[in-house]
Amino acid sequence: MNSNAEMDFIKINLESESYKIFFGKDYIENSANYIREFTKTNKIAIITDENTANLYLNKISRSLLESKYEVIHIILKSGEKIKNISSVENVINTLLEKRFERDDLIIGLGGGVIGDLAGFIASIIHRGVNFINFPTTLLAQVDSSIGGKTGVNTKYGKNLIGSFKQPLAVFSDTSSLSTLPVREIKAGYSELVKHALIKDNELFMWLCENWNVIFNQEEEIIKAIKWSSNIKATLVQEDVRERGSRALLNLGHTYAHAIESLLKYDGTILHGEAVSVGIILAYKTSYLLGYSKKDELNKIIEHFNDVGLITDLRKFNKDNIDSDMLLNAMNNDKKVKSGQKTFIIPEGIGKAFISNKINDEIIKSIVDTALAS
Ligand SMILES: NC(=O)c1ccc[n+]([C@@H]2O[C@H](COP(=O)([O-])OP(=O)(O)OC[C@H]3O[C@@H](n4cnc5c(N)ncnc54)[C@H](O)[C@@H]3O)[C@@H](O)[C@H]2O)c1
Ligand SMILES: [Zn+2]
């Protein structure tokens, strides 16, 4: 059943590892109908977290059990803290104890934390098993479930252990967003709008008029999520291993990662919140360098304010952010190559380029100005 022709999807074209990302409203409830064509196994392990499990684990499992699949539940605590190598080891031990085999299937059910962790486990257990992702946060649906980056954090920084593991399919069930706290919706929206800012002025204009479809779960929500996801998909296809253009997806992230690391990932801010401020700082950098106009910067600030995204660095200033600290954090980022920081500089709205040539004085002046009251 369910021929792809009737379903809303985008395709990620990657030589031997192409797959589809499906957008719809009943994938969790009718999971067995949708996954059947992707796997011959009878055994499925669902990796999820407590919050998602409380809301959706019964739903997804009922469909699978009715179709006579044997289902293993792995429920982790919710939050970024579990995204580490000892969770990986624990989960793998549990799976092996339950005789999870080479041809069996792992399903990830949850936000980006679960997607990254479950995908990573699927890439290493038995040297790689089949993986299908059911992302349940906006951030995961527009961003982390697309492109095959998986991994866990270390004490030296985020995502420093990982692999590329493309899933067999992704089922983005937008009905799951109805239970997501508004704060999490906003965090995901930062990444969604980021795609518009780097590649698609038309999407940005559309979002300025229609952002309510996301926040009020209106009918057109799938259009918005699909439009934004398509931009990420295109960049991933061009450069799956991030040797070049895929890095455009890091707009705002050099600032954002530094802010997050100064706040020690203590949960006071969400990644998407740091990203919205990071995007504004990137636009300020672009304006200072003459690549964006004042009214473009203002339009973005205005839109972020309308939506309720954080735009002001002072929001985080708990005596632990100043320009020197921020620069220090950027320099300590393990992804910095031979001391060169990479910035994504927007050129107006809908275009951006990668630069390794932004000097510290510019960053210092942007941050000092942003912190001055
Ligand atoms: N792989 C990639 O390319 C990529 C890209 C961006 C971000 N990421 C990673 O994604 C992670 C962040 O993802 P996230 O923002 O989804 O966080 P998350 O997975 O922690 O989810 C946020 C919160 O929402 C809860 N939740 C999930 N689905 C829900 C639902 N439908 N209703 C109610 N609550 C729900 C979760 O339990 C959690 O408490 C980070 O670890 C980040 O590094 C990865
Ligand atoms: Zn991000």
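Residues numbered from 1 in each chain as written. Chains lettered and ligands numbered in written order. Predicted model: local features only at pLDDT ≥ 70, side-chain atom pairs only at ≥ 80, totals over all residues. Heavy atoms only, no water.

**Considerations on the overall build of the chain**
When helices and strands are tallied, the chain shows 14 helices and eleven strands. Radius of gyration (C-alpha) of the chain: 20 Å, near the 21 Å computed for a compact globule of 373 residues. When each of the 373 residues of the chain is scored for burial, the buried share is 56%. For the chain, contacts bridging at least 24 residues in sequence account for 75% of all contacts bridging at least 6. (Helix = DSSP H or I, 4+ residues; strand = E, 2+ residues; numbered from the N terminus. Rg over C-alpha atoms; globule rule 2.2 N^0.38 Å. Buried < 20%, exposed > 50% of the residue type's maximum accessible area, 1.4 Å probe, protein only. Contact = heavy atoms within 4.5 Å.)

**Digging into the site of ligand 1**
In the vicinity of ligand 1 there are 25 residues, among which Glu 80, Gly 112, Thr 136, Thr 137 and Thr 179 approach most closely. At 2.8 Å, a backbone N or O of Gly 112 approaches an oxygen atom of ligand 1. Taking Thr 136, its side chain carries an N or O atom lying 2.7 Å from a nitrogen atom of ligand 1. Out of a free accessible area of 860 Å², ligand 1 has 88% covered by protein chains. In terms of residue class, the shell around ligand 1 is made up of five nonpolar, eleven polar and nine charged. (Near = heavy atom within 4 Å. Polar contact = N/O pair within 3.5 Å; in protein donor to acceptor, adjacent residues only side chain to side chain. Areas by Shrake-Rupley, 256 points an atom, 1.4 Å probe, with all protein chains shown as cover. Nonpolar A, V, L, I, M, F, W, Y, C, P; charged D, E, K, R; others polar.)

**Digging into the sheet that holds strand E1 (residues 8-12)**
Read across the open sheet, the seven strands follow the order E1-E2-E9-E6-E5-E3-E4; overall the sheet is mixed. Every other strand in the sheet has two partners, leaving E1 and strand E4 (70-76) as the edge strands with one partner each. The average angle at which neighbouring strand axes cross in this sheet is 20°, direction not considered. Across the sheet, helix H3 (residues 85-97) is in contact with strand E3 (43-49), E4 and strand E5 (105-110); its angle to E4 comes to roughly 160°. Where helix H4 (residues 112-124) meets the sheet, it contacts E3, E4, E5 and strand E6 (130-135), and its direction lies at approximately 165° from that of E5. (Pairing = 2+ DSSP bridges. Axes fitted to C-alpha atoms, helices over the stretch in contact; angles between N-to-C directions.)

**Considering the nonpolar core**
By size, the foremost hydrophobic cluster in this structure holds 81 residues, and its most contacted members are Leu 138, Tyr 189 and Ile 214. Element by element, the count of residues in this core is highest for helix H9 (residues 221-238), at nine residues. Shared between two domains, this core holds at least three residues of each, these being domain 1 (4-179) and domain 2 (182-371). Setting aside chain neighbours within four positions, we find Leu 138 in contact with Leu 177, Leu 180, Ile 185, Gly 188, Tyr 189, Leu 192, Ile 214 and Ile 225. (Core = buried A, V, L, I, M, F, W, Y, C linked by side-chain atoms within 4.5 Å. Domains from an automatic or database assignment.)

**Focus: the coordination of the zinc ion (ligand 2)**
The protein atoms donating to the zinc ion (ligand 2) are Glu 191 (OE), His 253 (NE2) and His 271 (NE2), with metal-donor distances spanning 2.0 to 2.2 Å. On the primary sequence, the residues serving as donors to the zinc ion (ligand 2) are separated as E-x61-H-x17-H. You can see His 253 sitting in helix H10 (residues 253-262) and its partner His 271 sitting in helix H11 (residues 271-289), a full 18 residues away along the chain. Its relative accessible area of 6% is what places His 253 among the buried residues. (Donors = N, O, S within 2.8 Å, 3.2 Å for Na, K, Ca; no water.)

**Topic: the packing of helix H7 (residues 201-210) against helix H12 (residues 294-307)**
For the pair H7 and H12, the least separation of the axes is 10 Å and the interaxial angle reads 40°. By the angle between their axes, H7 is oblique relative to H12. Note that H7 runs across H12; the crossing there is left-handed. Of the residues in H12, those in contact with Phe 204, Met 205, Leu 207 and Cys 208 of H7 are Lys 299, Ile 300 and His 303. Per-class residue counts for the contact of H7 with H12 are five nonpolar, one polar and one charged. (Parallel < 35°, antiparallel > 145°, perpendicular 65-115°, else oblique. Left-handed = near helix turned anticlockwise from the far one by under 90°.)

**Considerations on the pattern of salt bridges**
Tallying each qualifying case throughout the model produces 15 salt bridges. Here Lys 83 ties to Glu 80 by a salt bridge, and the two come within 3.9 Å at their closest N and O atoms. Among the residues examined, Lys 83 registers a relative accessible area of 4% and is labelled buried. A salt bridge links Glu 191 to Lys 194, with the nearest nitrogen and oxygen atoms 2.8 Å apart. Of this pair, Glu 191 and Lys 194 both sit in helix H6 (residues 182-199), three residues apart, which is roughly one turn of the helix. (Salt bridge = Lys/Arg side-chain N within 4 Å of Asp/Glu carboxyl O.)

**Brief notes about the side chain of His 253**
Looking at His 253, its side chain comes within polar contact range of the main-chain oxygen of Leu 251, at 2.9 Å. Within the structure, the side chain of His 253 is placed 3.3 Å from the side chain of His 271, a separation counted as a polar contact. His 253 has contacts with Glu 191, Lys 194, His 271 and Val 275, leaving out every residue within four places of it along the chain.

**Looking at the packing of H11 against helix H14 (residues 360-371)**
Where H11 meets H14, the axes come as close as 10 Å, and the angle between the chain directions of the two elements is 120°. Regarding the angle of H11 to H14, the classification is oblique. Crossing handedness for the pair H11 and H14: right-handed. In this structure, H11 uses Leu 281, Lys 284, Thr 285, Leu 288 and Leu 289 to contact H14, whose residues at the interface are Ile 362, Ser 365, Ile 366 and Ala 370.

**Considering H6**
Structurally, the α-helix is built with 3.6 residues per turn, so residues lying three or four positions apart point the same way. Taking 1.5 Å per residue as the helical rise, H6 with its 18 residues ought to reach 26 Å, and the 26 Å between its terminal C-alpha atoms agrees with that figure. With respect to burial, H6 is a largely interior element, 13 of its 18 residues being buried. (Expected span 1.5 Å × (residues − 1).)

**Concerning unusual backbone geometry**
Only a minority of non-glycine residues have a phi that is not negative, and only a minority of peptide bonds are not trans. Look at Arg 99: it is not a glycine, yet its phi comes out positive at around 60°. Note on placement: Arg 99 falls in the loop between H3 and E5.

**Considerations on the packing of aromatic side chains**
Note on aromatic pairs: each is described by the distance of the centres and the angle between the planes. Considering all chains together, one arrives at 14 aromatic pairs under this definition. Judged by centre distance (5.0 Å) and plane angle (10°), the ring pair of Phe 22 and Phe 171 falls under stacked. Note that Phe 22 is positioned in strand E2 (residues 19-24) and Phe 171 in strand E9 (residues 169-173), a separation of 149 residues in sequence. Here Phe 22 falls in the buried class, since its relative accessible area comes to 1%. When the centroid spacing of 5.7 Å and the interplanar angle of 50° are considered together, the rings of Trp 206 and Trp 227 count as tilted. (Phe/Tyr/Trp six-rings, centres within 6.5 Å; stacked < 30°, edge-to-face > 60°.)

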